[in-house]
Amino acid sequence: MTHAPTPSQTVGPFYGYALPFAGGGDIAAAGHPDTITVHGLVLDGNGDPVPDALIEIWQPAPDGSRTGRPGSLRHDPVTGRVIGRDGVGFTGFGRVPTDADGRWAVRTLPPGGVPYLSVAVFARGLLHHLYTRIYLRAADGTVPAGDPLLESLDAERRATLIATPTDRRTHRFDIHLQGAGETVFLEFT
């Protein structure tokens, strides 16, 4: 008797089990006068929302420092609850899952020293996470000038890295994992 091979499976996703945490999108305090919201969708190659992705944001503080708040990911050894975030201090790091409709959002401050937020994307079917950047337009609506990565890309590819302001304090950035309008992803060696 011969048996048909077992069909292959993608890895995971298991991100919703232990990686997301309460307040993971609160990189900056809600009451800070310079707080901005960056949000969007994660979309697959067909343009369908990915409901089980995880987005990590890393960024410098407005003054350009890259240390973040010490212990901002510290967990209580008994409950596992994140205790290193007090809702007041800037952390420089955020981690949020997408919801059932592929949406994600973080609350942060404009980065200092660079015009972008660094992003890692974890999603079903990916054996390795993807890296990209979210470039924020200047207050006058212009695209950051002089950035080597942006200047190395043609206009169509460059546009996949630039967030769209929806109002003075809100920016939309959709992440296309593949297909038409695929987001530019970076490779680090």
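Before reading further, recall that the structure is shown in the block above.
What you are looking at is a predicted structure, and each value in this text was computed from that prediction instead of being measured.

1. Describing the sheet that holds strand E6 (residues 130-135)
Consideration 1: Read across the sheet, 4 strands follow the order E3-E2-E5-E6 without closing on themselves; strand pairing throughout is antiparallel. Bordering the open sheet on either side are strand E3 (93-97) and E6, each of which pairs with just one other strand. Across this sheet, the average inter-strand angle for adjacent strands is 25°, counted without regard to direction.

2. A look at the pattern of salt bridges
Consideration 1: Considering all chains together, one arrives at 6 salt bridges under this definition.
Consideration 2: The closest approach of N and O atoms between Arg 124 and Asp 52, which form a salt bridge, is 3.2 Å. Placement of Arg 124 in the loop between strand E5 (116-122) and E6 and of Asp 52 in the loop between strand E1 (36-43) and strand E2 (54-58) is noted, with a sequence separation of 72 residues between them.
Consideration 3: Judged by its relative accessible area of 35%, Arg 124 is partly exposed.
Consideration 4: On the basis of relative accessibility, which here comes to 24%, the residue Asp 52 falls in the partly exposed class.
Consideration 5: Two residues, Arg 103 and Asp 99, come together in a salt bridge whose shortest N-O distance is 3.0 Å.
Consideration 6: Under the relative-accessibility criterion, Arg 103 is labelled partly exposed at 45%.
Consideration 7: Here the salt bridges do not stand alone but share partners, grouping Asp 99, Asp 101 and Arg 103 into one network.

Reading guide: rules and limits
- Residues numbered from 1 in each chain as written.
- Predicted model: local features only at pLDDT ≥ 70, side-chain atom pairs only at ≥ 80, totals over all residues.
- Heavy atoms only, no water.
- Pairing = 2+ DSSP bridges.
- Helix = DSSP H or I, 4+ residues; strand = E, 2+ residues; numbered from the N terminus.
- Axes fitted to C-alpha atoms, helices over the stretch in contact; angles between N-to-C directions.
- Salt bridge = Lys/Arg side-chain N within 4 Å of Asp/Glu carboxyl O.
- Buried < 20%, exposed > 50% of the residue type's maximum accessible area, 1.4 Å probe, protein only.

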